[in-house]
Amino acid sequence: MNRLLRLFCVFPLIALLAAPLLAQQKEAEGPPIPNDPVLSVVPKKTFTNLRIRRPVTITHAGDGSNRIFFAEQQGVILAVPNDPEVEETEVFLDIEDSVRFNPKQNEEGLLGVAFHPNFKENGEFFVYYTIKKGLVSHVSRFKTKDGVGDPESEEVLLTIEQPFWNHNGGSIEFGPDGYLYIALGDGGKANDPFGNGQNLGTWLGSILRIDVDKKENGKNYGIPADNPFVDTEGAKPEIYAYGLRNVWRLTFDRETGACWAGDVGQNLWEEIDIITNGGNYGWNVREGLHPFSKEFAKSGDKYIDPIFEYHHNVGKSITSGYVYRGKKVPQLVGKFLYADYVTGKVWALEYDYETKKAGKNYRIEEPSNPPVVCFGETEDGEVLMCAIFGDYGSIYEFVSAE
């Protein structure tokens, strides 16, 4: 995502209206910038022999092959062995001709990939992408043929109409319950003008949960019986949680099963959430912990607080990562890795699942301040990080500081 474009998207009203800018100037200065302790860990470039276009997803297949998959936003999924010295990639799936991507409207494209928990047996994997024609996103099932993804095998599960080109979300991940979770933005523009975040009658602004192993009621998927709104009149039964602006990204802690999400803010606050069944996370009534608008507020609604937030004097676009459960970097174990795309800062956050409180927020020093667009987890639990420079990505691993 172009940094200048991102700044415009974060502050559309401020960019257009001078008076609100002056009125909010003092507030925008914000609280004192935290003096975060520095962790003795550094990002180190890896897979330096590869040239990968705009990799917005890094994942693995869970099939014992230890391969790493990079999803290029333009519509190609590449596979490589988990070897930092590898020099060539294998095209695992190429649907670029079907994918809508415009570098000037760069929140579209191939945005998410998830492999079925039984991929080794059934060869199924799932892709979230914006289609070539119109403002429409698909979540589709694909199957492999001769060891690679078969574009002709596509089966569309969800067709999602988007009112604007931005805020598409795009994370798709299988939870420990075997269901597919789908993070959708509020539809875009600014301020959630249609109130999608608080509207259970639309998928937008929500996290969906579906059963891809069933086909029910004429759909290519089933609805888990314990989805929270299956019996709520007028509500979409696929919704698992709502009140979200534009989750980037959604991941699961492989040890506890907790669902983590970073929700990109609008004017002043970026937030980190633990997602729970039926939770309302407040957008656009709130931004983080703070009042935003009363237009779509409903009497009696209760909102789940973020576990952590930071002001725009620290960063302006959160890139959410993983709870580290690898073995190479003991200092990171149990900490949640995340970054800010605009400022290039990287952190590791402590969190206590028993008290449900965040602990220390550690800075990970990176002098180049890379524009971090995604994190990824390898099959053995190590975490990779990707920054996009121009048309190509740089991949980082985490190592102990010398």
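Residues numbered from 1 in each chain as written. Predicted model: local features only at pLDDT ≥ 70, side-chain atom pairs only at ≥ 80, totals over all residues. Heavy atoms only, no water.

**Regarding the packing of aromatic side chains**
Okay, step 1: A full pass over the atoms with the stated rule returns 23 aromatic pairs.
Okay, step 2: Seen in terms of ring centroids, Phe-164 and Phe-194 are 6.0 Å apart; in terms of plane orientation they differ by 5 degrees. Their pairing is stacked. Of this pair, Phe-164 sits in the loop between strand E10 (148-161) and strand E11 (172-174) while Phe-194 sits in the loop between strand E12 (180-183) and strand E13 (206-210), and the two are 30 residues apart along the sequence.
Okay, step 3: Judged by its relative accessible area of 23%, Phe-164 falls in the partly exposed class.
Okay, step 4: Centroid distance Tyr-181 to Phe-252: 4.9 Å. Interplanar angle 70 degrees. Geometry classified as edge-to-face. Residue Tyr-181 is located in strand E12, and its partner Phe-252 is located in strand E15 (residues 247-252); the two are separated by 71 residues in the primary sequence.
Okay, step 5: Look at Phe-252 and you get buried, because its relative accessible area is 12%.
Okay, step 6: An aromatic cluster is present here, built from Trp-260, Phe-308, Tyr-310, Phe-336, Tyr-338, Trp-347, Tyr-351 and Tyr-353 joined pairwise through their rings.
Okay, step 7: A cation over an aromatic ring shows up here: Arg-249 above the ring of Trp-248, its NZ or CZ 3.8 Å from the ring centre. (Phe/Tyr/Trp six-rings, centres within 6.5 Å; stacked < 30°, edge-to-face > 60°. Helix = DSSP H or I, 4+ residues; strand = E, 2+ residues; numbered from the N terminus. Buried < 20%, exposed > 50% of the residue type's maximum accessible area, 1.4 Å probe, protein only. Lys NZ or Arg CZ within 6 Å of the ring centre and 35° of its normal.)

**A look at the pairing of strand E9 (residues 136-145)**
Here is the key point about a regular strand: its side chains alternate between the two faces of the sheet.
Okay, step 1: The element E9 is largely enclosed, with a buried count of seven among its ten residues.
Okay, step 2: Bridge analysis of strand E8 (residues 124-130) against E9 gives seven bridges, and the strand direction is antiparallel. Bridge pairing in E9 links Val-127 to Ser-140.
Okay, step 3: Taking the residues that link successive antiparallel strands as the turn, the E8-E9 hairpin has five residues, and the phi of Gly-134 there is positive, at about 80 degrees.
Okay, step 4: Pairing geometry for E9 and E10, over nine bridges, is antiparallel. From the neighbouring strand, Arg-141 faces E10, where its bridge partner is Glu-155. (Pairing = 2+ DSSP bridges.)

All quantities given are derived from atomic positions and should not be read as evidence of function.
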